[in-house]
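Coordinate inspection notes
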Amino acid sequence: MWIWDRRRGQGSESGCDSPKGLMRLLLKLGAGLGSAILGLLFWGGAGAAAAGESVVAEAMETVSAAARENVAAEAEEETSAASREAAQEEAKKAEAGRFLVALDPGHGGEDEGCSGGGTEEKEINLSIALLLRQYLEEKGYRVLLTREGDTFLSLEERVRLANENRADIFVSIHQNSCEEGKAQGVETWYAGIYVEPGGEADAGEVSGVESDVESDTDADSGGGTAAGEVSGTESDVESDADADLGSEAAASQAPCVELDLTAALAADRTASSRRLARLIQGQVLSRTDAEDREAQGASDYYVTVHTAMPSCLIETGFLSDEKERQALESHDYQEKIAAGIAEGIDLYFFPKTMYLTFDDGPTRENSAAVLDILKEWGIRATFFVVGENVRKNPEVAKRIVDEGHTIGIHCNSHRYEELYESAEAFEKDFQAAFDAVYEATGTEPVLFRFPGGSINAYNKEVYEEIIRDMTEKGFIYFDWNASLEDAVKHSGPEDLLANARKTALGRKRVVMLAHDTIYDTVLCLPELLDQFPEYRMEPLDEKVTPIQFK
Ligand SMILES: [Zn+2]
């Protein structure tokens, strides 16, 4: 498909390009002048018939040649789809090889962790970690295990291994236990702070204390904080001023420690740790029917606080719960957990892509609020604007462009009956919107979205012609494959979030439809941006393969 390329200028690579480039220029100049000249200038257009039979024949030929080309291309596409996918898989695997994942099976040796029904935590931690290593290596990652056998390893050594080998992420694997009550389920912890590890000289001295602390923490019902339970241990640690970094509990309370990371990097590490924890938690839950005890922040586990890279600690289940323990002892269930963690890690490094799109604006307040939120989150989106609104709020349209979002054309008037009366009516309306955007922003949009989508109840008679004409002129239209359904009346912010989640269906590429004119959309936007850790959000551009209704 021909695409107008501003960077290449007038598009002179083939004979077809120049008239289309000129067409774009004419669109910019104005509808009246454009439509008068178009019929004479361009083959294949509505005006071509008037120019004589030979032109019609030529146009027909061009069309059928294009159709033949399409059929050939489609067949080729099908046969090569599989091999292309395989090639992509290989390329991704090679990319994954850049990343080193540190896996830390908790406890080991004399430190067996918690236990239940004769099963010791350290064994299950190790078997899940070994399975996980296998899955990760199959995906191409490099893996560093802090222990490969039933050996004792201090927490400092675990952290030191990860830090010295410059692992990209650190994942610690543990089992939970609860003395009273009937706790079950999976939880994943990440730290809100980073503290540089203490001197190595203290390692031996505090390691005993640490494993006490960790056992106690493991024995905690999970809901409460470890602070109360470990207070006795803490005071031991506090009596040795140099050893205070050796204790998980003390680490969280260490008032002021020199940071190895800059503040920005530390904040980034926290955000990345949170994302990692949520992805792992989510993927493990999608493969098991375990209870969701959620990704939890403010972890004070030594290994999550002192590792210099994004890190988390997963408690994959409760050994104190007989049913869950039996599951955890089985190879099948361990495989599910390992596969889930592996998938979470894979999504961390290779997120899917979501293109947020906002139709119908810009409005003075709602669109501005949407822009504020996107700015705060550092996310760029796409706005398909209405010409009449651009004329009313040119400064908001300008802001869209200035803040790095993509601006596309929706329509000028959004009155379906007029818009879809004929292909000519559509293009006239489009021209007016194009002019408005150009005047307000100095930008020539290339992307557009049909009001109601490319195929709808109002445009059945004309959509094929419009698509042909617009494509010919170098414009690209995007429909959507997920939606907040925020144009539907009587939904609240919660419904919109649920709709977004439900319709995204975990697809690899999502074009999400939203409306920046709707107040509820503004209300739910921060949570919307937060609820898809598996996606990287990007603005659309002309290089993105369009999502189009068929
Ligand atoms: Zn609309």
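Below, the discussion takes up the overall build of the protein chain. What the protein chain contains, in helices and strands, is 20 helices and 16 strands. Scored against the burial criterion, the 550 residues of the protein chain give a buried share of 45%. Residue pairs at least 24 apart in sequence account for 77% of intrachain contacts in the protein chain once pairs closer than 6 positions are excluded.

Taken across its eight residues, strand S5 (residues 169-176) has eight buried, putting it largely inside the fold. In this sheet, S5 lies alongside strand S1 (residues 100-105) in parallel orientation, the contact comprising five bridges. Of the residues in S5, the one forming a bridge with Leu-103 is Val-171. Across six bridges, the pairing between S5 and strand S8 (residues 311-318) is parallel. Bridged to Asn-176 within S8 is Phe-318.

Across the sheet, six strands lie side by side as S4-S1-S5-S8-S6-S7; this open sheet has mixed pairing. Of all the strands in the sheet, the pair left with one neighbour each is strand S4 (142-145) and strand S7 (292-296). The sheet shows a mean angle of 20° between the axes of neighbouring strands, taken without regard to direction. Together, S5 and S8 form the strand contacts of helix H11 (residues 322-329), whose direction differs from that of S8 by roughly 115°.

The next thing to look at is the nonpolar core. Ranked by size, the top nonpolar core spans 58 residues in total, and within it Val-385, Val-437 and Met-512 carry the most contacts. Top element by residues in this core is helix H17 (residues 423-441). It accounts for eight residues. Setting aside anything within four residues of it in sequence, one finds Val-437 in contact with Val-385, Val-390, Ala-397, Ile-407, Ile-409, Thr-443 and Pro-445.

Glancing now at the pairing of strand S10 (residues 382-386). With five of its five residues buried, S10 lies for the most part within the structure. Neither face of S10 is open: one carries Thr-382, Phe-384 and Val-386, the other Phe-383 and Val-385, and all of them are buried. Sheet analysis places strand S9 (residues 352-359) next to S10, joined by three bridges and oriented parallel. Bridge assignment links Thr-357 to a residue of S10, and that residue is Thr-382. Examined bridge by bridge, S10 and strand S11 (residues 406-411) share five bridges and lie parallel to one another. In the strand pairing of S11, Phe-383 is matched with Ile-407.

Where helix H4 (residues 121-138) contacts helix H12 (residues 331-349), the two axes come as close as 8 Å, and the packing angle between them is 50°. Taken as axis vectors, H4 and H12 run oblique relative to one another. The two elements H4 and H12 meet at a crossing, and its hand is right-handed. Residues Ser-127, Ile-128, Leu-131, Leu-132, Tyr-135 and Leu-136 of H4 touch H12, and the partners they reach there are Gln-334, Glu-335, Ile-337, Ala-338, Ala-339, Ile-341, Ala-342 and Ile-345. Split into classes, the residues belonging to the contact of H4 with H12 amount to eleven nonpolar, two polar and one charged.

It is worth spelling out the confidence of the model for the protein chain at this point. Low-pLDDT stretches of the model should not have their predicted coordinates read in fine detail. With 74% of its residues at a pLDDT of 70 or more, the protein chain has an overall mean of 81. Note on residues 1-63: pLDDT under 50 across the span, and 73 contacts to partners over four residues away in sequence or across chains. The low-confidence segment residues 199-259, where pLDDT is below 50, has 107 contacts with residues more than four positions distant or belonging to other chains.

Turning our eyes to something else, we now look at unusual backbone geometry. With an omega dihedral of 0°, the bond running from Gly-361 to Pro-362 counts as a cis peptide bond. You can see Pro-362 is positioned in the loop between S9 and helix H13 (366-377).

Helix H20 (residues 519-530) packs onto H13 with a crossing angle of 10° between their chain directions and a minimal axis gap of 9 Å. When the axes of H13 and H20 are compared, the pair comes out roughly parallel. Together, Asn-366, Ala-369, Val-370, Ile-373 and Trp-377 of H13 and Tyr-519, Val-522, Leu-525, Pro-526 and Leu-529 of H20 make up the contact between the two elements. Residue composition of the contact of H13 with H20, grouped by class: nine nonpolar, one polar and no charged.

Tracing the backbone through its elements, the reader meets Asp-104 in strand S1. Of the residues examined, Asp-104 has 27 C-beta atoms within 10 Å and is grouped as buried. Sequence spacing of Asp-104 and Val-159 is 55 residues, and the spatial spacing of their C-alpha atoms is 9.2 Å. When neighbours within four sequence positions are excluded, Asp-104 is seen to be in contact with Thr-146, Arg-158, Phe-170, Val-171, Ser-172, Ile-173 and Val-303.

What follows covers H12. Here H12 spans 27 Å end to end across 19 residues, near enough to the 27 Å set by a 1.5 Å rise per residue. Counting buried residues along H12, 14 of its 19 residues qualify, which places the element largely inside the surrounding structure.

Here we come to the environment of Arg-160. Tracing the backbone shows Arg-160 in helix H5 (residues 155-164). With 18 C-beta atoms packed within 10 Å, Arg-160 lands in the partly exposed category.

Inspection of the secondary structure puts Ile-379 in the loop between H13 and S10. Ile-379 gets classed as partly exposed once you count the C-beta atoms within 10 Å, which come to 18. Between the C-alpha atoms of Ile-379 and Arg-536, which are 157 residues apart in sequence, the distance is 9.0 Å. Beyond its immediate sequence surroundings of up to four residues, Ile-379 is in contact with Leu-374, Leu-529 and Met-537.

Quick notes on the rules
- Residues numbered from 1 in each chain as written.
- Predicted model: local features only at pLDDT ≥ 70, side-chain atom pairs only at ≥ 80, totals over all residues.
- Helix = DSSP H or I, 4+ residues; strand = E, 2+ residues; numbered from the N terminus.
- Buried ≥ 20, exposed ≤ 12 C-beta atoms within 10 Å, placed from the backbone.
- Contact = placed C-beta atoms within 7 Å.
- Pairing = 2+ DSSP bridges.
- Axes fitted to C-alpha atoms, helices over the stretch in contact; angles between N-to-C directions.
- Core = buried A, V, L, I, M, F, W, Y, C linked by C-beta atoms within 7 Å.
- Parallel < 35°, antiparallel > 145°, perpendicular 65-115°, else oblique.
- Left-handed = near helix turned anticlockwise from the far one by under 90°.
- Nonpolar A, V, L, I, M, F, W, Y, C, P; charged D, E, K, R; others polar.
- pLDDT = per-residue confidence, 0-100.
- Expected span 1.5 Å × (residues − 1).

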